[in-house]
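Analysis of the macromolecular model
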Amino acid sequence: VVALGTPEHSVVTTCAYCGVGCSFKAEMKGDRLVRMVPYKDGKANEGHSCVKGRFAFGYATHKDRITTPMIRARITDPWREVSWEEAVRHAASELRRIQREHGVDAIGGITSSRCTNEETFLVQKMIRGAFGNNNVDTCARVCHSPTGYGLKTTLGTSAGTQDFASVAEADVILVIGANPTDGHPVFASRMKRRLREGARLIVVDPRRIDLVRTPHVRADHHLALRPGTNVALLNALAHVVVTEGLVAEGYVRERCDLDAFEDWARFVAEARNAPEAVEAVTGVPARAVREAARLYASGGAAAIYYGLGVTEHSQGSTAVMAMANLAMATGNIGRPGAGVNPLRGQNNVQGACDMGSFPHEFSGYRHVADDAVRESFETSWGVPLSPEPGLRIPNMLDEAVAGRFRGLFVQGEDIAQSDPDTKHVTAGLAAMECVIVQDLFLNETAKYAHVFLPGSSFLEKDGTFTNAERRINRVRRVMAPLGGLADWEGVMALSNALGFPMDYRHPGEIMDEIARLTPTFAGVSYAKLDEVGSLQWPCNEEAPLGTPTMHVDRFVRGKGRFMVTEFVPTEERTGVNFPLILTTGRILSQYNVGAQTRRTENSRWHAEDVLEIHPFDAELRGIRDGELVSLESRSGDIALRAHVSERMQPGVVYTTFHHASTGANVITTDYSDWATNCPEYKVTAVQVRRTNGP
Ligand code: SF4
C-alpha cells in the first residue's frame, strides 16, 4: 500500500479528505513521499487517522495526472498541449470576448472545498475583481449551504458551535443524518470513547448505521425516520420539550429574542406537531420520540452532530434552524459539551464558505450589498465591486441552457459527476463557449472544457484548511507542483492575463490579506500558526488564541432567534411506478466522486457502488444478494449490484456515488432546498428490478 523506503525527513501537514482535518507527518526520502504518519500533536486527531488519510495519497503521483496546460476550440476537438502563458492568455481572451458579446454577467466561476483557503480567496477575488460580477459559488452549494443559512439566521454565524474535544464533556449525543464511522472516522472514535464512558446516544437516521449498535456502543434510541421527514421529527421533539415543561426558561429569557421564542413555542405546541400526530409521516413511534426528547432536554449537556442527511433536502435550511431551535430552547449552546455541529464532508468546506465563495457574501459572511464592507474590499483591491448577489451553480447552469451564461472557471470540482440531475448539468456545460477546468485529472467536467489547467494536490503547495470545528490547520508543501504551478499561482496567472494584477510571493501573504479584510481572521498569520499549531476562528484581538466554543455569553447575532419551522413534504413522491425511496451517502474507504481514492489501493475495499436493499423489498422483486439490478427514477436509470441488508428499512434503498461508471447522480432529482438550492440528494423515488446480467 505504501511506497517503501526509509524516511529521511518529514513535513507536518493536513489531510485533504474529510472535515476532521487530521494532522500528518509526511515522511520523505529525498523528494519521494514514503508514508503518512498521523501526527500526535494534531489537535483534531491526537495521533489517530483513518484509511484515507493514512494510505490514500498515491493519487498525487498517479499516471492519470495531467501536468501540462491544454486548450481546444471545440469539445469534440483533440486537446493541444500549450505553455501556461498561452493557456491563460487564451482563457482570458475568450472570457473577455464572451463579456463583450454577451455582457459582464455571462461568465462566472466555482471555487473548491478541496483547495486551500488562500486559493479559494483568490478565485473569488478574481471573479469579483476581474470578472466584475459576483457569479462565484462553491461545492458547499451541494452539501452544507443550508448550514450557512440556518445557523446564521438563528445564531448569527455559519459554523459549528463547539470544538471536537468537548464531545468528551457531552452527556447526551444526538447524531442526525450523519454516519461518522464512515464519513468522519477519527471524530467517530472520539465520540465512541465518550459513549463507552457512559454518555447517552440518540441516532436519527433512516438506516441502521454502525453507531446504532456496535460491540461497545448501543444507541439509547434509534429514530429510523422516513427520508424527507427531518423537520416533522424535529418539530415533534420540540413539541415534547415545550409541552412537558422542559424549556430552559432562564437561558431563553436571558439570551434569546422572546417574541420569536413565543411564536415558535406556540407553533410547536400545536397538536399537529405532537409525536402521535406525525408518527404516520415520519414512521417513528411516538413513544420513542417522547423518550428521546426527554433525554435530550434533561440528560445534561447535549451535543447535536449532523451531516448531509439533514442539509440535502428541500427543507435542509429549515431542518438546520429546527435543530438550533431545539438547542436554544434547552440551553444547549455555548457551554461545555453542548452545541450544534455540522460534520463537514470535505477537508475545506468550512474554509471555502468562510473565504467568500458564495455569490452574496464576502469573506467572513458579510453581504455584498453592505456598503461599508464592500468599500473595504474596493479600497484594498483598487476596483469597484458589484453590490448585486451573483448566480448560484444551478442558476449558472439554467442560464447556460437558456444561452445567457457562456463562460465558467471551475477549480477542483467535478460538477458533471457530483451535482444532481447529470443530464441538466452536462447540457449547461455543453452550451457554454469557454469552460476552464483546473484539476488534477481529466474528470467528467473536463469532457466539456476548452481550457485545462493542471491542478496541484495538497502535497504540492502551502496554505491552510479549516476543519469542521473552525480549526485553521497549516498545509505544507511536500513536493514541487507536478504541473509547474500550484493552484494559487495558476489563478494569479489567469487574473493577471485578465488585467486584474495579483502579485503574491507566498500563500502567507494571501493569508495576511485575508486577516486584514476579515474580522474573524484578524489574528491569524502563518507565524502564529507555526507557533501554536492551529487556531479556531474567531481569532482576533478579543480572542488572540482562537475560540473553541462559540456563543458563550451571548449569541453572535445578539439574541438567539427562534424560527418557526413548518414541515412541508418534498415534492418528490413515491407511487406505483417508483415505490421506493433512494438515499445516498459515502463509505469509509472511498471519498466523494472518487477522483482521488479510486486511484489508490483503497479501491480494493470498495471497487464498485452497490445498492443496499432490505430483504423484504429484495424478495418481493426476486432479487438475491450480489445480483445486478436496474435502479430507475423519473430522471433515468443505472445498473449496479444489490446488497441485501437489514441495515435498510423496507421501502428505502441506499447507494454511494463514488464511481463515475455507476453515475448515481444520473437518477437523482432536481428538487432543492428552498433557501439555498442545495440539491435534495437524499430523497429520490425509484424502482429496482432484476436484470438478466451476471
Ligand atoms: Fe483524513 Fe478525515 Fe480520515 Fe482524518 S478522519 S485521516 S481528516 S479522511
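Anyway, here's the lowdown on the structure attached to this text. Values in this document were obtained by computation on a predicted structure and should not be read as measured data. (Residues numbered from 1 in each chain as written. Predicted model: local features only at pLDDT ≥ 70, side-chain atom pairs only at ≥ 80, totals over all residues. Heavy atoms only, no water.)

Bringing the layout of surface pockets into the picture now. Reported here for the largest pocket is a volume of approximately 510 Å³. Lining the largest pocket are 24 residues, and of these Thr-520, Pro-538, Glu-542, Met-550 and Val-556 lie nearest its centre. Of the residues that constitute the lining of the largest pocket, the class distribution is 10 nonpolar, 9 polar and 5 charged. Considering the residues around the second largest pocket, the lining is formed by 20 residues, among which Arg-226, Pro-227, Thr-229, Thr-574 and Ile-581 are closest to the centre. Of the residues belonging to the lining of the second largest pocket, the class tally is 10 nonpolar, 7 polar and 3 charged. (1 Å grid on protein atoms, 1.4 Å probe; cavity = no way out; pocket = protein on both sides within 12 Å on 5 of 7 lines; lining within 4 Å. Points joined across faces, edges and corners; volume = space filled by probe spheres on them. Nonpolar A, V, L, I, M, F, W, Y, C, P; charged D, E, K, R; others polar.)

Attention now moves to the site of the ligand. Every residue near the ligand is listed here: Cys-15, Tyr-17, Cys-18, Gly-21, Cys-22, Phe-24, Cys-50, Lys-52, Gly-53, Pro-185 and Val-186. Here the ligand occupies the second largest cavity. Those elements that place two or more of their residues in the shell around the ligand are helix H1 (51–55) and helix H6 (185–196). (Near = heavy atom within 4 Å. Sits in = over half its atoms within 2 Å of the grid points. Helix = DSSP H or I, 4+ residues; strand = E, 2+ residues; numbered from the N terminus.)

Strand order in this open sheet of 5 strands is E10-E9-E8-E11-E12, and the pairing throughout is parallel. With one partner strand each, in any of the chains shown, strand E10 (221–223) and strand E12 (339–342) form the two edges of the open sheet. If you compare each strand with its neighbour and ignore which way they point, the axes differ by 15° on average. For strand E11 (residues 302–306) and E12, the ladder comprises 4 bridges, and the chain directions are parallel. Looking at E12, one finds that Ala-303 is bridged to Gly-339. Relative to the sheet, helix H11 (residues 286–298) contacts strand E8 (172–176), strand E9 (200–204), E10 and E11, its axis offset from that of E10 by approximately 125°. (Pairing = 2+ DSSP bridges. Axes fitted to C-alpha atoms, helices over the stretch in contact; angles between N-to-C directions. Contact = heavy atoms within 4.5 Å.)

Glancing now at the pairing of strand E24 (residues 637–644). For strand E22 (residues 610–613) and E24, the ladder comprises 4 bridges, and the chain directions are parallel. Note on E24: the bridge partner recorded for Ile-613 is Val-644. As defined by bridge partners, strand E23 (residues 628–633) adjoins E24 across 5 bridges and the pair is classed as antiparallel. Across the sheet, residue Leu-628 finds its bridge partner in E24, namely Arg-641.

A word on the packing of helix H10 (residues 275–282) against H11. Closest axis-to-axis distance for the H10/H11 pair is 8 Å, and the angle between their directions is 115°. Regarding H10 and H11, the two cross each other, and that crossing is right-handed. Of the residues in H11, those in contact with Pro-275, Glu-276 and Glu-279 of H10 are Ala-286, Val-289 and Arg-290. Taken together, the residues of the contact of H10 with H11 sort by class into 3 nonpolar, no polar and 3 charged. (Left-handed = near helix turned anticlockwise from the far one by under 90°.)

Bringing the packing of helix H7 (residues 230–243) against helix H9 (residues 258–269) into the picture now. Packing of H7 against H9 leaves a shortest axis separation of 8 Å and a crossing angle of 105°. Our classification of the angle between H7 and H9 gives roughly perpendicular. Contacts between H7 and H9 involve Asn-235, Ala-238, His-239, Val-242 and Thr-243 from the first element and Trp-264, Ala-265, Phe-267, Val-268 and Ala-269 from the second. Residue classes in the contact of H7 with H9 are distributed as 7 nonpolar, 3 polar and no charged. (Parallel < 35°, antiparallel > 145°, perpendicular 65-115°, else oblique.)

Omega for the bond connecting Trp-537 with Pro-538 falls within 30 degrees of zero, at 0°, which places this linkage in the cis form. Counting through the fold element by element, Pro-538 comes out in the loop between strand E20 (534–536) and strand E21 (580–585). With a phi angle near 70°, Arg-470 is a residue other than glycine that sits in the positive phi range. Residue position: Arg-470 is located in the loop between strand E18 (463–466) and strand E19 (471–475). Assessed through its relative accessible area of 0%, Arg-470 is described here as buried. (Buried < 20%, exposed > 50% of the residue type's maximum accessible area, 1.4 Å probe, protein only.)

All we've got here are geometric facts, nothing functional implied.
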